[in-house]
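Close look at the chain arrangement
The lines below spell out each chain.
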Amino acid sequence: WPIIIREEPLDKPNFSELLSWVAPRHEVATVPVRAFSKIKKVVVIAAPTQPGSVDFGIFDSLHRGARSGFDFSLMKRYRAHLLDVVGAAKSGDSPERVFLVRSESSNRQHNQSELVEVAQQFGFVTVNPDQYDLRTLWEILSTAKCVVGAQGAAWANTIICKPGSRGLQWSGGTLRGEHF
């Protein structure tokens, strides 16, 4: 079956590249962002993490409450596949402490600049995931011992971090607060 996805994510080279790695032989069908589409038959896969995908409760086929939290078994297999596709991390001068930042054009910057100033005092180096191709970003994260940053700042990429790495992620209020 084709993978049906909004057009918007495919505009990001890293998303398109990742999709080609995890589903290299699948047809990808795009749907407009601000439109409704009628699809005769669809398979919706429940997210392996929570909160996971937001389906607004319209898909009765998703078993709510059957699984919560994080499906470690599935994510471990997914991580192994990604490492197999990308290869071993290159050693180099990658920072051990990474502060994931959002682009200035992001709609949720809040007080990021103040937090960066504090983090830099503890040896953290700012990394904006939007400024790196996927392989380079993963090389940086694969050698990081500690990663901090705001929720939504491309945290899915930390799946490539070594076991035992530490992470600190926060959000502002109920994801709508003025400060982190």
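In what follows, the accompanying structure is described.

Conventions adopted
- Residues numbered from 1 in each chain as written.
- Predicted model: local features only at pLDDT ≥ 70, side-chain atom pairs only at ≥ 80, totals over all residues.
- Heavy atoms only, no water.
- Pairing = 2+ DSSP bridges.
- Helix = DSSP H or I, 4+ residues; strand = E, 2+ residues; numbered from the N terminus.
- Axes fitted to C-alpha atoms, helices over the stretch in contact; angles between N-to-C directions.
- Salt bridge = Lys/Arg side-chain N within 4 Å of Asp/Glu carboxyl O.
- Buried < 20%, exposed > 50% of the residue type's maximum accessible area, 1.4 Å probe, protein only.
- Phe/Tyr/Trp six-rings, centres within 6.5 Å; stacked < 30°, edge-to-face > 60°.
- Parallel < 35°, antiparallel > 145°, perpendicular 65-115°, else oblique.
- Contact = heavy atoms within 4.5 Å.
- Nonpolar A, V, L, I, M, F, W, Y, C, P; charged D, E, K, R; others polar.
- Polar contact = N/O pair within 3.5 Å; in protein donor to acceptor, adjacent residues only side chain to side chain.
- Patch = residues over 30% accessible without salt bridge, like charges linked within 9 Å, V, L, I, M, F, W, Y side chains within 5 Å.
- Areas by Shrake-Rupley, 256 points an atom, 1.4 Å probe, with all protein chains shown as cover.

Structural notes on the sheet that holds strand β3 (residues 97–100)
What the 4 strands build is an open sheet, ordered β4-β3-β5-β6; its pairing is parallel. One side of each edge strand has no neighbouring strand; the edge strands of this open sheet are β4 (125–127) and β6 (166–170). Pairs of neighbouring strands in the sheet enclose a mean axial angle of 20 degrees, with direction left out of account. One ladder, built from 3 bridges, connects β3 with β4; its direction is parallel.

Concerning the pattern of salt bridges
Using the criterion set out here, one finds 2 salt bridges in the structure. Residues Arg6 and Glu8 are paired through a salt bridge, measuring 2.7 Å at the closest nitrogen-oxygen approach. With a relative accessible area of 42%, Glu8 lands in the partly exposed category. Glu96 is the salt-bridge partner of Lys145, the closest N and O atoms lying 3.5 Å from each other.

Details of the packing of aromatic side chains
Each pair of aromatic rings is reported with the distance of its centres and the angle of its planes. Per the counting criterion, the structure on display carries 1 aromatic pair. Ring centres of Trp21 and Trp138 lie 5.5 Å apart, and the angle between their planes is 55 degrees; this geometry places the pair in the tilted category. A residue pair is termed long-range when its members are at least 10 positions apart, and Trp21 in helix α1 (residues 13–22) and Trp138 in helix α4 (residues 134–143) qualify at 117 residues. Each member of the pair Trp21 and Trp138 is classed as buried.

Structural notes on the packing of α1 against α4
Direction vectors running N to C along α1 and α4 enclose 85 degrees, while the axes themselves pass 9 Å from each other. When the axes of α1 and α4 are compared, the pair comes out roughly perpendicular. Residues Asn14, Glu17, Leu18 and Trp21 of α1 touch α4, and the partners they reach there are Leu134, Arg135 and Trp138. The residue inventory of the contact of α1 with α4, partitioned by class, reads 4 nonpolar, 1 polar and 2 charged.

Thoughts on α4
Buried within α4 are the following residues: Leu134, Leu137, Trp138, Ile140, Leu141 and Ser142. Those residues of α4 that are buried are in contact with α1, α2 (72–86), β3, β4 and β5 (146–150). Its side-chain oxygen at 3.2 Å from the backbone nitrogen of Arg135, Asp133 defines the N-terminal cap of α4.

What about a nonpolar patch on the surface?
Taken together, the side chains of Trp1, Val43 and Ile45 define a hydrophobic patch exposed on the protein surface, amounting to about 410 Å² of accessible area. Tracing the backbone through its elements, the reader meets Trp1 in the segment before β1 (3–6). Residue Trp1 is classed as exposed on the basis of its relative accessible area, which comes to 63%.

Taken by themselves, the reported measurements are silent on function.
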